[in-house]
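In case you want the letters, here they are:
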Amino acid sequence: MPGVQKSIVLSAFNKDEHGTLIPAFEPRQMKREETAVYIAQTLVKDYHGVVVWCSEKNHAIGEQGPSVILFRSGLVPEFE
């Protein structure tokens, strides 16, 4: 659809010395949902939490759609 861009993001989290979740690395933009989920599944043993989400942005009207969780394992922050 013209003007609509899908964003797929992979993130992982660890706990710091106080038990607070912190990003293990900068969120990674992914090209395909299937690839992002596959990579996330390979990371679950290395991090306290792993999540893949996507959202769509309509550039024509400047609106960002809601985030949709595609994969979640372990401890991850709450999403809106």
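Preceding this paragraph is the structure being described.
Residues numbered from 1 in each chain as written. Predicted model: local features only at pLDDT ≥ 70, side-chain atom pairs only at ≥ 80, totals over all residues. Heavy atoms only, no water.

### Some thoughts on the nonpolar core
Within the largest apolar cluster, 13 residues are counted, with the highest numbers of intra-cluster contacts made by Ile8, Leu10, Ala40, Val50, Val52 and Phe71. Tallying contributions element by element places helix H1 (residues 33–43) first for this core, with four residues. Filtering out sequence-adjacent residues up to four positions away, Val50 remains in contact with Leu10, Ser11, Ala12, Ala40, Leu43, Val44, Phe71, Arg72, Ser73 and Val76. Formed by five residues, the second largest nonpolar core is a distinct cluster that contains Phe13, Val51, Trp53 and Val76. (Core = buried A, V, L, I, M, F, W, Y, C linked by side-chain atoms within 4.5 Å. Buried < 20%, exposed > 50% of the residue type's maximum accessible area, 1.4 Å probe, protein only. Helix = DSSP H or I, 4+ residues; strand = E, 2+ residues; numbered from the N terminus. Contact = heavy atoms within 4.5 Å.)

### Describing the packing of aromatic side chains
By the definition in use, this model includes one aromatic pair. On the basis of an interplanar angle of 80° and a centroid distance of 5.7 Å, the ring pair of Phe25 and Tyr47 is categorised as edge-to-face. Highlighted residues: Phe25 in the loop between strand E2 (21–23) and strand E3 (28–30) and Tyr47 in the loop between H1 and strand E4 (49–58), separated in sequence by 22 residues. Between the NZ or CZ atom of Arg28 and the centre of the ring of Phe25, over which it lies, the distance is 3.8 Å. (Phe/Tyr/Trp six-rings, centres within 6.5 Å; stacked < 30°, edge-to-face > 60°. Lys NZ or Arg CZ within 6 Å of the ring centre and 35° of its normal.)

### Digging into the environment of Gln41
The topology assignment puts Gln41 in helix H1. Exposure remark for Gln41: the relative accessible area of 44% places this residue in the partly exposed category. Taking the C-alpha atoms as reference points, Gln41 and Arg72, 31 residues apart in sequence, are found 9.0 Å from one another.

### Some remarks on the environment of Glu33
Relative to the helices and strands, Glu33 is located in helix H1. Under the relative-accessibility criterion, Glu33 is labelled partly exposed at 24%. Linking Glu33 and Val50, residues 17 residues apart in sequence, is a C-alpha distance of 14 Å. Beyond its immediate sequence surroundings of up to four residues, Glu33 is in contact with Lys6, Ile8, Cys54 and Leu70.

### Some thoughts on the pattern of salt bridges
All told, the structure shown has two salt bridges when counted by the stated rule. Glu33 is the salt-bridge partner of Lys6, the closest N and O atoms lying 2.3 Å from each other. Placement of the pair is Lys6 in strand E1 (residues 4–15) and Glu33 in helix H1, with a sequence separation of 27 residues. What makes Lys6 partly exposed here is its relative accessible area of 41%. With a shortest N-O distance of 3.2 Å, Glu34 and Arg32 are connected by a salt bridge. (Salt bridge = Lys/Arg side-chain N within 4 Å of Asp/Glu carboxyl O.)

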